[in-house]
Structure formats: structure tokens, C-alpha cells
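Structure at a glance
So the chains spell out like this:
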Amino acid sequence: GMPSAATMGIMGPGGGGSRPFRMAAMLTTEVGQGTFVSNEYARNPYMAWTLTAMPSYALSGDTRLMGRIDITQEVTNSDSSTDPNQVLLSDANVSLAQHIWTIPEAEIRIDGQARVFLPTSLASQYQGLYAGGRAQLALSRQFGDFSAMLISAFHKNFHSHTSPTVDTEDLDQSVFL
């Protein structure tokens, strides 16, 4: 699984206002909790940097078309790669987001989003992923400088196979007897 990480980032000039196209860039550094474990048998240091690009285009009113792609490099000894300091591309995704309604008395926003994931990562390509989809509904409310959000989502992946596959041609057949 993904390590718990403290993340610090700098948001690029995404801008606000009435511009239809925005580009946000973020550079984050992640330090995993296993870095701070004193037991040498449980210690698993993790440090990585991630560069994220997030283009966005306002189609009309409260509807936006958005994208996201990440490039990550772990600088510690990786658990997921045999190549030291390998630079990995994430799965790209494209989303369509729409503000649906605001509950006036409670000032609660209701937003919907549909997202498609494209298998640009090595892990997804190895797993035979064709694409993934996600539909979500979010309720959110601002409280001064803070906000609270509740998200309900459904995610479905589409693979080239529906059950695990093993190529047994190179294996000794007596193993299966």
C-alpha cells in the first residue's frame, strides 16, 4: 500500500478569476512514517518527490474539464521498483466536474464529477488495465478559512482479463501434479 506521508507543496499559478483555462503545477515532498521507526526490523524509510500537472478548462458556468498527471521519484530504497531512483509516471486522468446545487439555508454545495483513468503508469500497464472510471458526489461547506467535505464515489477498472492469468509454458508441469 501507499505509505502515510507528510506532504508539503507549492501551488503554481493556477489563477482564479474568469480565465477559462488554468494550469496548476505542484511539487511535493513526501516522507513516510516508516522513516521514523527506531526498530531496525520494522524501519522502512520512504522519501520521494512528486511533480503534478493539473490543467483545467471552464466549459460553461459551473462545468469544468480537468486533467491530472504525476511524475514521482523515490529517493530512498524502493519497495516497488528494482531500479534505484526510478522516475515513475502515474495514471493520467480526465474529469468532468459540475456544481449541481447549493442548499441555501445550510450553505452546503453539492457537486458531481465523472473521471476516466488512462493506464500511463507501469503498474497499470503490467496489470493489463484498459481504463478506469469513477463517479462521485460531494457535499461541502465553508467555515471561514476551513471547509468540510463528504464524498461518495464508485470506481470501476476495466482490464484485458477478468481472472488472474499465469503463463505456465515455462514451468515444470510436474509442479502441478
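Residues numbered from 1 in each chain as written. Predicted model: local features only at pLDDT ≥ 70, side-chain atom pairs only at ≥ 80, totals over all residues. Heavy atoms only, no water.

**So, the pattern of salt bridges**
A complete count under the given rule lists three salt bridges for this structure. Notably, a salt bridge pairs D70 with R68, separated by 3.2 Å at the nearest N-O pair. Overall, D70 belongs to the buried group, its relative accessible area being 14%. The exposure class of R68 is partly exposed, given its relative accessible area of 33%. For the salt bridge of E107 with R141, the shortest nitrogen-to-oxygen distance reads 3.9 Å. Pair noted here: E107 is in the loop between β6 (92–103) and β7 (108–118) and R141 is in strand β8 (residues 129–143), with a separation of 34 residues, a long-range link. A relative accessible area of 24% means that R141 is categorised as partly exposed. (Salt bridge = Lys/Arg side-chain N within 4 Å of Asp/Glu carboxyl O. Buried < 20%, exposed > 50% of the residue type's maximum accessible area, 1.4 Å probe, protein only. Helix = DSSP H or I, 4+ residues; strand = E, 2+ residues; numbered from the N terminus.)

**Brief notes about the environment of L129**
With respect to the element layout, L129 can be found in strand β8. In the structure, L129 is positioned 10 residues away from P119 in sequence and 6.1 Å away in space, judged by C-alpha atoms. For L129, the contacting residues outside a window of four places in its chain are D91, P119, S124, N157, F158 and H159. (Contact = heavy atoms within 4.5 Å.)

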